[in-house]
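A structural walkthrough
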Amino acid sequence: MKKKKAVQEVQRGPLIRLSGVDVVYSNGTQALKNANLHVEKGEFVFVVGSSGSGKSTLIKSLLGEIPLTAGEIFVSGNSLTTMKKKRMPFYRRKLGVVFQEFRLLDDRNVFDNVALAQQVIGVDKRRIEKNVRGMLQLVGLKDRADVYPKELSGGEQQRVAIARAMVNRPAVLLADEPTGNLDPQNSWEIMNLLDDMNRLGTTVMVVTHNSEIVDQMKKRVVTLNRGVIVSDQIQGGYVQ
């Protein structure tokens, strides 16, 4: 009975919770220091800070790619602190992830790049066809399904990456510098697309150095400095 109650309490809490998280690399660098962060279901959060402040380490920690030196991380009721390594790939499949470098497969067309995310979780072919076509329409690429990544612009490639990240309808979408390789116009198109995904109910966390986008979108902003969360604000007011 106690175990069942404990699981229910975790699931009723924030969608993402970091409690006293420390990450110290083997060279002695402390990338995160006593990080405490709660993100509720449906929020859109920017993570900002100078180079080396711990932004990417935060994302990698949420992906379970970096072991914690201290503290706990819970995502969608899953404890990353106690999760066994063999379970980690299954956990990651439930997240949507977008990177600066797009990370598309050059030998597969747009449809197949997006479909891969469905194939790895065992979705049947008929549903894959429907889901991928629908997602490509959502990101404005319904007529580009048969095109290969090298034939696309940078903005289009990032749209494919977002479609791939979202096709399994994840509860959480993590984006690490998603506009880092894009011009201003494409950057805004990608950010507006991420905002659309958030409006559909996905919790979105974006690491970025683009202060103009952060200032104009007026979302929640978490600021890191040398591994420490020094500010957590939304539209001029602090998050409680």
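You'll find the structure just up there.
Residues numbered from 1 in each chain as written. Predicted model: local features only at pLDDT ≥ 70, side-chain atom pairs only at ≥ 80, totals over all residues. Heavy atoms only, no water.

1. Thoughts on the side chain of Ser79
Locating Ser79 in the fold gives a position in strand β5 (residues 78-79). A relative accessible area of 16% means that Ser79 is categorised as buried. Excluding its chain neighbours within four sequence positions, the residues that come into contact with Ser79 are Ile73 and Phe74. (Helix = DSSP H or I, 4+ residues; strand = E, 2+ residues; numbered from the N terminus. Buried < 20%, exposed > 50% of the residue type's maximum accessible area, 1.4 Å probe, protein only. Contact = heavy atoms within 4.5 Å.)

2. Digging into the pattern of salt bridges
Inspection of every chain in the model, using the stated rule, returns eight salt bridges. With its nearest N and O atoms 2.9 Å apart, the salt bridge here joins Glu43 to Arg220. Within this pair, whereas Glu43 is found in the loop between β2 (30-39) and β3 (44-48), its partner Arg220 is found in strand β9 (residues 220-225), the two being separated by 177 residues in sequence. Judged by relative accessible area, which is 19%, Glu43 ranks as buried. A relative accessible area of 3% means that Arg220 is categorised as buried. The residue Arg220 makes a salt bridge to Asp232 at a minimum N-O spacing of 2.8 Å. You can see Arg220 sitting in strand β9 and its partner Asp232 sitting in strand β10 (residues 228-234), a full 12 residues away along the chain. As far as burial versus exposure is concerned, Arg220 and Asp232 are alike and both buried. A cluster of three or more residues bridged by salt bridges with shared partners is formed by Glu43, Arg220 and Asp232. (Salt bridge = Lys/Arg side-chain N within 4 Å of Asp/Glu carboxyl O.)

3. Focus: the packing of helix α4 (residues 110-119) against helix α5 (residues 125-138)
Between α4 and α5, the shortest axis-to-axis distance is 10 Å and the interhelical angle comes to 125°. Considering the angle they form, α4 stands oblique to α5. Crossing hand, α4 versus α5: right-handed. From α4, Val110, Phe111, Val114, Ala115, Gln118 and Gln119 reach across to α5, where they touch Arg127, Ile128, Glu129, Asn131, Val132, Arg133 and Leu136. (Axes fitted to C-alpha atoms, helices over the stretch in contact; angles between N-to-C directions. Parallel < 35°, antiparallel > 145°, perpendicular 65-115°, else oblique. Left-handed = near helix turned anticlockwise from the far one by under 90°.)

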